[in-house]
Amino acid sequence: MRLATFQVGEVEHFGIFMVDRYLALDTVGDPDLCDARSFLAAGERGMRRVALLLAGPERDHLPVFSPDAVRLLPPVRHPGKVICVGRNYSEHCTEQGRRPPGEPILFAKFAASLVGHGGAVVLPPQSRKVDFEAELAAVIGRECDRVPVVRALEHVGGYAVFNDISARDLQARDKQWVRAKSFRTFGPMGPHLVTPDEVGDPQALHITLRLNGKLMQDASTRQMIFSVAELVSFVSQVVRLDPGDVIATGTPSGVGAFRDPPRFLAAGDRMQVAIERVGVLENEVVDDVGGEAER
Ligand code: MN
């Protein structure tokens, strides 16, 4: 299933994408279907409920929208945690002259920085070196606390395409990465939340990033140093993971900062991150105009 969170006018909906249209599921009044986090928390029950709904007469009463009538929001609204993983592809370590880490490097991104497919990525005035990072995001379904690696994927409720936008100059200056990774709109995610049955093996997915049509990153999730299962297990040894929590699993080589010459984002750039079986996430870069008056 391809679940989505979208806005029609001023109204926000949780729904499903079917072939060429969006069906609102939140209008049914089922608490399991009111938003993505509730759906994820319901696990198999939520999936069965949606399948029954689509197979029965209730389907005719679901509001239907064409893609151009909706504004896509991040597929999970207000996740409790957005946990990112640094240097999880060896070629990305090599391009920055660092050795692969012995265990996952975790950092946090504020959930308020998330933006959906088609949303603008705003260049903040504080940075001159804003960069892109194509990533697979795993979204937690079932709560998990100290889960072993072999059981970890049972706790993943879906996947989405992610772009870990990063202010390289601030990342270097701050020594830790929270500010550099958390500016508003620095977390493009979408277009949909795709359930694991549609994705299959999360370590066998082609992942690319195109900037204005030009291929910049081209890899397979097979090249991850720590697998999705290992990452979920590792994080769950630190903190309990809850439905809707997002784990961005790291980026392959080819980011702008380590190219020769470097290529940082500029207003008008169009980024397209594609992950096999998960989707295509597109976002345009714009200058920070709205903030000018406040400074
Ligand atoms: Mn990253």
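See the structure printed just above.
Engineer: It is not clear to me how the pattern of salt bridges should be interpreted in this structure. Could you clarify?
Structural biologist: Oppositely charged side chains can form a pair if their charged atoms are brought close together. In total, this model carries 20 salt bridges according to the counting rule given. When the shortest N-O distance is used, the salt bridge between Asp-131 and Arg-168 registers 2.8 Å. Placement of the pair is Asp-131 in strand E10 (residues 130-131) and Arg-168 in helix H5 (residues 168-174), with a sequence separation of 37 residues. The closest approach of N and O atoms between Arg-277 and Glu-276, which form a salt bridge, is 3.7 Å. On the basis of relative accessibility, which here comes to 38%, the residue Arg-277 falls in the partly exposed class. Among the charged side chains, a network of salt bridges with common partners joins Lys-109, Asp-131, Glu-133, Asp-164, Arg-168 and Lys-181.

Engineer: Just to check I follow, could you spell out the coordination of the manganese ion for this structure?
Structural biologist: For a metal bound by four donors in a tetrahedral arrangement, the ideal donor-metal-donor angle is 109.5 degrees, while six donors in an octahedral arrangement ideally sit at 90 or 180 degrees. With distances of 2.0 to 2.1 Å, the protein atoms coordinating the manganese ion are Glu-133 (OE), Glu-135 (OE) and Asp-164 (OD). Written as a sequence motif, the donor arrangement for the manganese ion is E-x1-E-x28-D. Placement of Glu-133 in the loop between E10 and strand E11 (134-140) and of Asp-164 in the loop between strand E12 (156-163) and strand E13 (166-167) is noted, with a sequence separation of 31 residues between them.

Engineer: Hey, could you run me through the packing of aromatic side chains in this one?
Structural biologist: In this description, a pair of aromatic rings is defined by centroid distance and the angle of the planes. Taken as a whole, this structure holds six aromatic pairs when the rule is applied. Geometrically, the ring pair formed by Phe-6 and Phe-65 is edge-to-face, given 5.9 Å between the ring centres and 70° between the ring planes. Remark: Phe-65 occurs in strand E4 (residues 64-65) and Phe-6 occurs in strand E1 (residues 2-8); sequence separation between them is 59 residues. Per residue, the accessibility class of Phe-6 equals that of Phe-65, and both read buried. For the pair Phe-17 and Tyr-22, a centre-to-centre distance of 4.7 Å together with 45° between the ring planes defines the contact as tilted. The class of Tyr-22 is buried, set by a relative accessible area of 4%.

Thresholds, definitions, all that
Residues numbered from 1 in each chain as written. Predicted model: local features only at pLDDT ≥ 70, side-chain atom pairs only at ≥ 80, totals over all residues. Heavy atoms only, no water. Salt bridge = Lys/Arg side-chain N within 4 Å of Asp/Glu carboxyl O. Helix = DSSP H or I, 4+ residues; strand = E, 2+ residues; numbered from the N terminus. Buried < 20%, exposed > 50% of the residue type's maximum accessible area, 1.4 Å probe, protein only. Donors = N, O, S within 2.8 Å, 3.2 Å for Na, K, Ca; no water. Phe/Tyr/Trp six-rings, centres within 6.5 Å; stacked < 30°, edge-to-face > 60°.

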